[in-house]
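For reference, the chains in residue letters:
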Amino acid sequence: MFRLRSVFNSLIFLGLVLLVSSGSVRAGVTCPTASCQYLPIVSSPSPVQVMQIEYFGWLGQTLRVKGEIANMTDISVYDVEVEISVYNYNQQLLGTISGATVLTATLPGQVNLFDLGTNFYPGDVGNVSARITDWSLTNPQLYIAPTLVMTEVQYIFNGYTVAGEIRNDTLIPITNVQGWSWTLDQLTHTGALPIVDVLQPGETASFGWTVNNYYATPSPPVRIVVQGFAPP
């Protein structure tokens with residue numbers, strides 16, 4: 001009897017030894033052997049964020065989703081892809097659609113617009129969400145944002161007017177300087193509007209344009225983005 005108990009106790013002790021030697025180490029305790037390995041935590045947060053979205057549609061039209069992203073970092077971001085998820089009133093997913101932002105580059109401190117059409121009937125839609133799915137930190141073309149010294153927006157009967165002044169605070173010329181403006185409830189968007197071919201270091205330039213085909217009250221802010229390129 002004693003021998004059987006001794007053998008049984010030995011087996012328990014051996015099992016405990018194996019369990020301790022092969023188990024994981026308690027968090028915060030220094031690894032006791034050279035065989036311990038730790039897996040790194042891998043995280044790649046998006047350098048841009050979705051700030052707001054709006055969705056709408058009229059009789060006989062499909063749902064349209066618009067929104068803005070913002071770059072709050074000190075690096076430029078390119079080719080941002082946004083995924084739209086559409087839900088019914090029971091919060092069941094109807095489907096998703098993806099697309100790129102209007103501007104290729106979202107420079108530090110700038111906002112960018114996405115404007116995506118869908119094949120969903122607006123009456124079936126109860127909620128819409130948006131998330132960033134892809135982006136790039138490199139581009140063969142070097143984008144530069146001149147300083148917006150002053151901007152002025154005036155709302156008119158069928159749109160708004162934009163005026164302002166930019167300055168080149170860099171040490172190199174900025175070429176092909178163009179501007180964009182929009183609001184989230186704007187029906188259509190104009191393309192890039194030229195401001196000046198070349199803006200030398202320290203030089204200033206004025207810009208101004210009128211945007212028509214605007215439908216809504218003047219409550220949404222008018223966004224103004226100006227970009228140019230480094231000389232080739």
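Above this text is the structure in question.
What you see is a predicted model; the values in this text were computed from it and never measured. (Residues numbered from 1 in each chain as written. Predicted model: local features only at pLDDT ≥ 70, side-chain atom pairs only at ≥ 80, totals over all residues. Heavy atoms only, no water.)

(A) Spatial organisation of the environment of Pro-201. Examined against the element boundaries, Pro-201 turns out to sit in the loop between strand 12 (193–199) and strand 13 (204–211). On the accessibility criterion, Pro-201 (38% relative accessible area) is partly exposed. Distance in space between the C-alpha atoms of Pro-201 and Ile-172 is 5.7 Å, their sequence separation being 29 residues. (Helix = DSSP H or I, 4+ residues; strand = E, 2+ residues; numbered from the N terminus. Buried < 20%, exposed > 50% of the residue type's maximum accessible area, 1.4 Å probe, protein only.)

(B) Main features of the packing of aromatic side chains. Taken as a whole and judged by the stated rule, the model has four aromatic pairs. Each residue in the set Tyr-78, Tyr-143 and Phe-229 is aromatic and connected to the rest through ring pairs, giving one cluster. (Phe/Tyr/Trp six-rings, centres within 6.5 Å; stacked < 30°, edge-to-face > 60°.)

(C) How the structure looks around the side chain of Arg-64. Within the secondary structure layout, Arg-64 lies in strand 2 (residues 64–71). There is a polar contact of 2.7 Å between the side chain of Arg-64 and the side chain of Asp-115. Not counting residues within four places of it along the chain, the set of residues in contact with Arg-64 comprises Glu-54, Tyr-55, Phe-56, Asp-115, Leu-116, Gln-186, Leu-187, Thr-188 and His-189. (Polar contact = N/O pair within 3.5 Å; in protein donor to acceptor, adjacent residues only side chain to side chain. Contact = heavy atoms within 4.5 Å.)

(D) Structural view of the pattern of salt bridges. Per the counting criterion, the structure on display carries four salt bridges. For Asp-115, the salt bridge is made with Arg-64, and the minimal N-O distance between the two is 2.7 Å. Linking Asp-115 in strand 6 (residues 111–117) with Arg-64 in strand 2, this pair joins segments that are 51 residues apart in sequence. Arg-131 serves as the salt-bridge partner of Glu-83, at 2.9 Å between the closest nitrogen and oxygen. With Glu-83 in strand 3 (residues 77–87) and Arg-131 in strand 7 (residues 127–136), the pair connects residues that are 48 residues apart, well separated along the chain. Assessed through its relative accessible area of 48%, Arg-131 is described here as partly exposed. (Salt bridge = Lys/Arg side-chain N within 4 Å of Asp/Glu carboxyl O.)

(E) Representation of the sheet that holds strand 6. Taken together, the three strands give an open sheet; going across it, the order is 1-2-6, and neighbouring strands pair in antiparallel fashion. This sheet does not close on itself; its edge strands, each paired only once, are strand 1 (48–56) and strand 6. Averaged over neighbouring strand pairs, the angle between their axes works out to 20° when direction is ignored. Here strand 2 runs beside strand 6; their pairing, made up of seven bridges, is antiparallel. By the bridge assignment, Val-65 is partnered in strand 6 with Leu-116. (Pairing = 2+ DSSP bridges. Axes fitted to C-alpha atoms, helices over the stretch in contact; angles between N-to-C directions.)

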